[in-house]
Amino acid sequence: MPDNLPKTLIGRVGFGALLLSLALSPILAGYPPGPSYGADLSLAAIRCLVFLAALCLGWAPGEDGDRPDLRERIVTWALRGAVGLTVVSFLAQSRFLTSPVLLFASLPGTLDWLAFGMTTALALRFARGRAAYWLIGALLSGAAVAAVVSVQEYGQYVQAGEPERRAQGVFFGPNFAAGLMALLLPVAVALLLSVRARLPVLAIGALSALMAGALFAAGSRAGLAVTAVGLLLTVGVALSRRKRLPAVFLRTGAFVVVLVVLGFAFRGPLAQRAEAAGREQSGPFRSWTWKGTIAMAQAHPLLGTGPGTYPYVYPSYALVARTDLAHSSYLQMAAEQGIPALALILVALGTALLSGLLRLWDALRTADGEEIATLSMAGLLGGLLAGMARGLVDSEWSVLGNALPFFALVGLVAGLRAVGSAATTKVAPGSRPADPVLAAVALIGLIPGLVGLNAVRQRNVALEELTGARTASERDAALESVRRISVWPPDPQILFYAQKREEAARMEPTGRRYYQLARYRAEQGDLTGAVEAFRKSTGVEPTSMQAWRRLAEAQEQAGDTEGALRSWQQLAALNEGPVGTVRAIPEATETHPAFAYAALARDAAKRGNVSEAATLYDKAARVVESYAATPALYQQMELATAATGIDIAGRREEVKSLYRRVMEEWGRLSTAGADERAKRREETLERLEKMIAPPAPGLN
């Protein structure tokens, strides 16, 4: 196997930065961009590492190696085309950087895709020698840390008597933790079946077991299914080899036994989901989300809405409750960057997969390839297949910790050779820069990457001072510090905390920002302005039950009874349509419809329609009763939102007060069924009182 490791200092620095970015990406970059997730600093650092690697390696002298063949060139140019269209989309949507609208979201999204393209190009360059195994080692080291954290987390759940909880580890959610394991477990198993020395076998076997445990602990059924496909390809190739067949059979059998044991030990999340199969709506919710995303892509077919803008634009097209991710990498890319960019990515992925399959077939047919190289290729192909399949049902490319390893695998699969006798044309070492275009683009990306890194650091420091203030004087000083911050691109979160809500809404014209602006205006006594802002909020996010409720209440306060009634009717209609009946987490009851039914019941009672009023009061009561019966696991999930500033205790008091009023008004309206209502009232209020209490303010 050729030694294609960099020989110069600048090349070694670049290669080290590449290895570091691949190893750290799952550990530090398991969350989407955005201040609400709190991972922007680490995301920016990983991007800068990739740009640094590309800059150094782009100008490092070329090493001995094979010239890229036609399939590799297709992968390279298709990816360059997709990344180029992403940049064009960014420039077009920002009016060549003259419009600040959503610039804070589209710039990180563009930098992410630059990083993906560079990672693929560098992985492809180093796929034809020993350097490939350094890259694989970096990927597996990151996966090892992620797996350990997931397994430890699940162990804590078991100790706490909650074995049904899904472990997410270092990731945004359990599905993304499963996505990384699905991507890299076939690679680890390929090495397990091919290495010879005993110590590496034990180490890789332990790693494979940890990753399998993390996969089961995540409780992702799709993750398990696609991992099985990748593992079947890997093991099938291993068993078809004639060399060292007994050892392969022995290790395969041992791994299957380990899988069975781990599947039993970590069965809680999958067992819980199997029990909830009749109630779970993950599939239908995804289906409705895909329909809305397709509508978004059809409305912006050429250049999309801009990279990274999906969470902010999609709510206008949503048919069910809003979500920040499309639950499909392919559809989200079509919506954000346009259909042509997606088509080029599909060409790149399809060509890489075909190239890997043909080379693997070549190795198996001729039987003259190195054993470890052949099985490594099978593992990489299995991982790529699993990753491509995961992209169908989750937005893996929106999370840097999943996307960077995926695109590294694309490059490795496209370039890895398993047959040592392939006739190739050599390039003289040091004859020319490896890729000056890559170096130039990396430099262009590194500059805004470093600027963004500094901006995030400034923002985080200022917001920590603000949230940590305990006295009025400390808060005023921190607020003044926030107001003085000048970052590029402008950050709506800073503007919000600096009480510049109008500017924040102009920069991020979303339902959330208009809602915040409306609440602020209402607090200032500007009911007309509040109603206007609430209307804008429901206009850009028509499925937001919370915004419709607050609009109706503001209209009532402003004396617009007819307008309020229409808003209450719209909220009730949402609850009875797909928004209310198809929810990502059906166990987490939305309480806003109870307020709508109560208001509509009062209107019906005023009109003398006792039967309609009683029906509506019953609907309002049942919403609260369903909320009171929320399982403990989902109560904990609700309490987790308190960390984002939501007043859970205040919200529950509102619900209790509404329920008491509903039962009293219903009782005055009709005495029929009074005993049953009294029993329901007593049981519901008791359950509400027994719900897990939120932490006291100021306590961790």
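The residue numbering used here restarts from 1 in each chain and proceeds along that chain's sequence as written. Only residues with pLDDT of at least 70 are given local features in this predicted model, and only at 80 or more are side-chain atom pairs given and counted; all residues enter the totals for whole chains, interfaces and linings. Calculation of side-chain values draws on the structure's entire complement of heavy atoms; hydrogens and water are dropped beforehand.

**Q** So what's going on with the nonpolar core? Which residues, and what values?
**A** Nonpolar core, defined: a set of buried Ala, Val, Leu, Ile, Met, Phe, Trp, Tyr and Cys residues in which side-chain atoms within 4.5 Å join the residues together. Burial here depends on accessible area, computed with a 1.4 Å probe over protein chains only, as a share of the maximum for the residue type. Under 20% is buried, over 50% is exposed, and the range in between is partly exposed. Within the largest apolar cluster, 139 residues are counted, with the highest numbers of intra-cluster contacts made by Leu184, Trp397 and Phe407. The leading source of residues in this core is helix α6 (residues 174–194), at 14 residues. Look past the residues within four positions of Leu184 in its chain and what remains in contact with it is Leu139, Leu140, Ala143, Met211 and Leu409. Within the second largest apolar cluster, 50 residues are counted, among which are Ala533, Phe534, Ala596 and Met691. Helix and strand definitions follow DSSP, with helices as H or I runs of at least four residues and strands as E runs of at least two, each counted in order from the N terminus. Only heavy atoms enter the contact rule, under which two residues are in contact if any of them lie within 4.5 Å.

**Q** Before we move on, could you go through the environment of Phe171 and cite the residues and values that matter?
**A** If you trace the backbone, Phe171 turns up in the loop between α5 (131–159) and α6. Its relative accessible area of 1% is what places Phe171 among the buried residues. C-alpha separation for the pair Phe171 and Pro490, spaced 319 residues apart in sequence, amounts to 27 Å. Not counting the four nearest positions on each side in its chain, Phe171 is found in contact with Pro26, Gly30, Tyr31, Ala146, Phe176, Ala177, Leu180, Val399, Gly401 and Asn402.

**Q** Describe helix α30 (residues 674–690), listing the residues and the values that go with them.
**A** For α30, which comprises 17 residues, the first-to-last C-alpha distance of 24 Å matches the rise-based estimate of 24 Å (1.5 Å per residue) to within 8%. Here α30 has its buried residues at Arg677, Arg680, Thr684, Leu685 and Leu688. Down the axis of α30, the buried set is contained in an arc of 120°. They therefore lie on one face. Of the exposed residues in α30, those oriented more than 90 degrees away from the buried face are Asp675, Lys679, Glu682, Glu689 and Lys690. On its buried face, α30 sits against α27 (610–628) and α29 (648–669). Helix span, as expected, comes to 1.5 Å for every residue beyond the first. As used here, the arc is the angular range of directions from the helix axis to the C-beta atoms.

**Q** With reference to specific residues and values, describe the packing of aromatic side chains.
**A** Pairing of aromatic rings covers Phe, Tyr and the six-membered ring of Trp, with a centre-to-centre limit of 6.5 Å; geometry is then stacked below 30 degrees between planes, edge-to-face above 60, and tilted otherwise. Using the criterion set out here, one finds 16 aromatic pairs in the structure. Between Phe172 and Phe176, the aromatic rings sit 5.7 Å apart at their centres with planes inclined by 50°, giving tilted as the arrangement. With relative accessibility at 26%, the residue Phe172 sits in the partly exposed group. Ring-pair connections join several aromatic residues into one group, and the members of that group are Trp113, Phe116, Tyr330, Trp397, Phe406 and Phe407. Remark: a charge is flagged as sitting over a ring if the NZ atom of Lys or the CZ atom of Arg is within 6 Å of the ring centre and within 35 degrees of the ring normal. Over the aromatic face of Phe264 sits the side chain of Arg267, whose NZ or CZ is 4.1 Å from the ring centroid. Just above the ring of Trp666 sits the side chain of Arg677; from NZ or CZ to the centre is 4.9 Å.

Functional significance is not addressed by these values, which are geometric in nature.
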